[in-house]
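Here are the chains, one letter per residue:
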Amino acid sequence: MTSPPAPVPHPAAIELRHWTLDSVGGLRHLRAGLRQAVAGTPLDDEDGQDRITVVATELATNALRHGRPPAHIRLLREPGALILDIADHDVAGEPLFDEDRPIGHGGLGLRLAQTFASDLGWYLTVKTKHIWARFDFVRD
């Protein structure tokens, strides 16, 4: 098992939206809110909206399932990118890629995030663990 990199968070980014989820029942509201928030940005097309909502759903579900709720999801913007920052309250649990788990047995959330986002990382504060995913406006 390996862990995503742990670089410094994005201090210059501004918060566009924030959601707090206590259960997976709030995921529908999160996805709808993300689609509205992405409207008018360079990610406002089917591909961009699908990538960001899949990653948000996977990381928020992980935070609710493996972290300690509530999960806090922030959509941030910095020049050239949008960033999802998902926090839970399990500061002892490190996010891990389970590379040995067979397809179809769960554990794909971080892999999907790594595939659909431009960059992925995590960091800790005193009370929260954060996983972030960056979505560049121009994809390679």
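The coordinates are above.
Residues numbered from 1 in each chain as written. Predicted model: local features only at pLDDT ≥ 70, side-chain atom pairs only at ≥ 80, totals over all residues. Heavy atoms only, no water.

A. Highlighting the overall build of the protein chain. The helix and strand tally for the protein chain stands at three helices and five strands. Scanning the protein chain from its N terminus toward the C terminus, one meets helices and strands in the order β-α-α-β-β-α-β-β. Within the protein chain, contacts between residues separated by at least 24 positions form 64% of all contacts whose residues are at least 6 apart in sequence. Within the structure as shown, the protein chain displays about 7,400 Å² of accessible surface, and the carbon and sulfur contribution to it stands at 53%. (Helix = DSSP H or I, 4+ residues; strand = E, 2+ residues; numbered from the N terminus. Contact = heavy atoms within 4.5 Å. Areas by Shrake-Rupley, 256 points an atom, 1.4 Å probe, with all protein chains shown as cover.)

B. Structural context of the packing of helix α2 (residues 46-66) against helix α3 (residues 109-116). Contact geometry for α2 and α3: axes closest at 9 Å, N-to-C directions at 150°. What the angle tells us is that α2 and α3 run roughly antiparallel. For the pair α2 and α3, the crossing hand works out as left-handed. On the side of α2, the interface is formed by R51, V54, V55, E58, L59 and N62, while α3 contributes G109, L110, L112, A113 and F116. Each residue belonging to the contact of α2 with α3 can be placed in one class, and the counts come to seven nonpolar, two polar and two charged. (Axes fitted to C-alpha atoms, helices over the stretch in contact; angles between N-to-C directions. Parallel < 35°, antiparallel > 145°, perpendicular 65-115°, else oblique. Left-handed = near helix turned anticlockwise from the far one by under 90°. Nonpolar A, V, L, I, M, F, W, Y, C, P; charged D, E, K, R; others polar.)

C. A look at the pairing of strand β3 (residues 81-88). Burial within β3 is extensive, with eight of its eight residues counted as buried. Bridge count for strand β2 (residues 71-78) against β3 is seven bridges, and the pairing is antiparallel. For R74, the partnering residue across the bridge sits in β3 and is D85. Between β2 and the antiparallel strand that follows it, β3, lie two residues; G80 among them carries a positive phi value of about 85°. (Buried < 20%, exposed > 50% of the residue type's maximum accessible area, 1.4 Å probe, protein only. Pairing = 2+ DSSP bridges.)

D. Seen up close, the sheet that holds β3. Taken in spatial order, the five strands make up an open sheet running β1-β2-β3-β5-β4, and their pairing is antiparallel. Edge positions in the sheet fall to β1 (14-21) and β4 (119-124), since each has one partner strand and no second. Along the sheet, successive strands turn relative to each other by an average axial angle of 20°, direction set aside. This element, α2, spans β1, β2, β3 and β5 (129-136) of the sheet and lies at about 15° to β3.

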